[in-house]
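Close look at the chain arrangement
Residues per chain, in single letters:
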Amino acid sequence: MTTDRAAGIEVNPVAGHIGAEITGVDLAGEPDDAQVAAIRAAVLRWKVVFFRDQKLDHAAHVAFARRFGEPVVLRRRGSASPPDVPEVETTADRLELGGRFGMDHDEWLRRRRHTLLRGWHCDHGARIDPPAATILRADTVPPYGGDTTWSNLAAAYAGLSAPLREFVSRLRAEHRLGVGYQPRPGDDAYVRHLLDHQIATRHPLVRVHPETGERILNVNGYYVEQITDLSRAESAHLLDLLLEQATRPEYTVRFRWQPGSVAFWDNRATIHLAPSDNAHLDFPRVMHRVMLAGDVPVGVDGRPSEAIVGSAPGRW
Ligand SMILES: [Fe+2]
């Protein structure tokens, strides 16, 4: 247990490499500078921190986020998002996204699952400047199912052998929205959507964290299309290996949501697994998130990511 007595808060790690629960702070009660500093340090150290029984409304959620950075304002948000608070995005109906493209939830998941580790992602990872952090609060949660899992990509990188660390830190990879999607026969509304809203970026396979200086294994099962300069076959094998490494249970933490729970993660140093064990259950799950604007990633060689299509730094 790590107690920051000056700030009056307690930071209790919950797994060996990632995750800490923070108690003693009311997020809606305008945390003071010392508390904000202690929370920031805990996020950088533990990659994701959890708060219980918070009473945030949309405005307080945004005000809290603002203490740590600039909230992102999305041009396109879910239909359940509060119209008057553009920084807050609400995910209410799990059928909504597939339904928008004429698919039921099963088909939507099936057509997008090009790898068994498909669900692992960082938020908006195909952009040139993925958000630095996400602050997600639970509104309505199922009585069981619907947990979220995060993995520490700094620990995953450190856990590779030295020769492999050296090799992958020289590589780049293309990250793309909709990678691996298997189109429906005939006219497919999602394919049209992907063509109209293409986002792709060449990111370093190992990025240097802008605040901690740690090396981050920058992979996920959702956006990474191909490792640059390798053959497709080489890339596929190496990606499998790296993704398996990135999601090894020892680098992960799993969180059971309750109404009022808040998770605050470093989106530069983690990937997370959206739940898929509740799709067949008929329980509502309503979550609200605010993301903080992030930097363009930089590789070990000091070179930044390059946009291929569809995004520019700071432009959402
Ligand atoms: Fe996410």
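Residues numbered from 1 in each chain as written. Predicted model: local features only at pLDDT ≥ 70, side-chain atom pairs only at ≥ 80, totals over all residues. Heavy atoms only, no water.

1. Details of the sheet that holds strand 8 (residues 148-152)
Sheet architecture is open: four strands sit in the order 6-16-8-14, paired in antiparallel fashion. With one partner strand each, in any of the chains shown, strand 6 (120-121) and strand 14 (252-255) form the two edges of the open sheet. Of the pairings in the sheet, the one linking strand 8 to strand 16 (residues 270-273) comprises four bridges and is antiparallel in character. Counterpart to Ser151 in the pairing with strand 16 is Ile271. (Pairing = 2+ DSSP bridges. Helix = DSSP H or I, 4+ residues; strand = E, 2+ residues; numbered from the N terminus.)

2. Considering the nonpolar core
Formed by 29 residues in total, the largest nonpolar core has its most connected members in Ile9, Ile22, Leu27, Ile39, Val49, Phe51 and Phe264. At the level of secondary structure, the elements contributing two or more residues to this core comprise strand 2 (9-13), strand 3 (20-23), helix 1 (33-46), strand 4 (48-51), helix 2 (58-66), strand 7 (133-140), strand 15 (262-266) and strand 17 (286-292). The greatest single-element share of this core, amounting to six residues, is contributed by helix 1. In this view, Phe264 contacts Ile39, Val43, Lys47, Val48, Val49, Phe51, Phe64, Phe68, Ala133, Thr134 and Ile135; residues no more than four positions away in its chain are not counted. (Core = buried A, V, L, I, M, F, W, Y, C linked by side-chain atoms within 4.5 Å. Buried < 20%, exposed > 50% of the residue type's maximum accessible area, 1.4 Å probe, protein only. Contact = heavy atoms within 4.5 Å.)

3. A few points about the coordination of the iron ion
Every protein donor of the iron ion is listed here as His121 (NE2), Asp123 (OD) and His272 (NE2), and their distances to the metal cover 2.1 to 2.2 Å. Site description for the iron ion: donor spacing in sequence, H-x1-D-x148-H. Comparing His121 with Asp123, the two get one shared label, buried. (Donors = N, O, S within 2.8 Å, 3.2 Å for Na, K, Ca; no water.)

4. So, the side chain of Ser151
Inspection of the secondary structure puts Ser151 in strand 8. A relative accessible area of 0% means that Ser151 is categorised as buried. There is a polar contact of 2.4 Å between the side chain of Ser151 and the backbone oxygen of Ala246. If near-sequence neighbours (up to four positions away) are discounted, Ser151 is found in contact with Ile18, Trp120, Ala246, Thr247, Tyr251, Thr252, Ala269, Thr270 and Ile271. (Polar contact = N/O pair within 3.5 Å; in protein donor to acceptor, adjacent residues only side chain to side chain.)

5. Looking at empty space enclosed by the protein
Using the criterion set out here, one finds two cavities of 30 Å³ or more in the structure. By volume, the largest cavity amounts to about 70 Å³. Surrounding the largest cavity, Cys122, Gly125, Pro130, Leu153, His203, Arg207, Asn218, Asn267, Arg268, Thr270 and Pro297 form its lining. Tallied by class, residues from the lining of the largest cavity come to four nonpolar, five polar and two charged. Approximately 30 Å³ is the volume found for the second largest cavity. Val72, Leu74, Arg77, Pro86, Glu87, Val88, Glu89, Arg289, Val290 and Met291 together form the lining of the second largest cavity. With three residues, strand 17 is the largest single contributor of residues to the lining of the second largest cavity. Of the residues in the lining of the second largest cavity, the class split is six nonpolar, no polar and four charged. (1 Å grid on protein atoms, 1.4 Å probe; cavity = no way out; pocket = protein on both sides within 12 Å on 5 of 7 lines; lining within 4 Å. Points joined across faces, edges and corners; volume = space filled by probe spheres on them. Nonpolar A, V, L, I, M, F, W, Y, C, P; charged D, E, K, R; others polar.)

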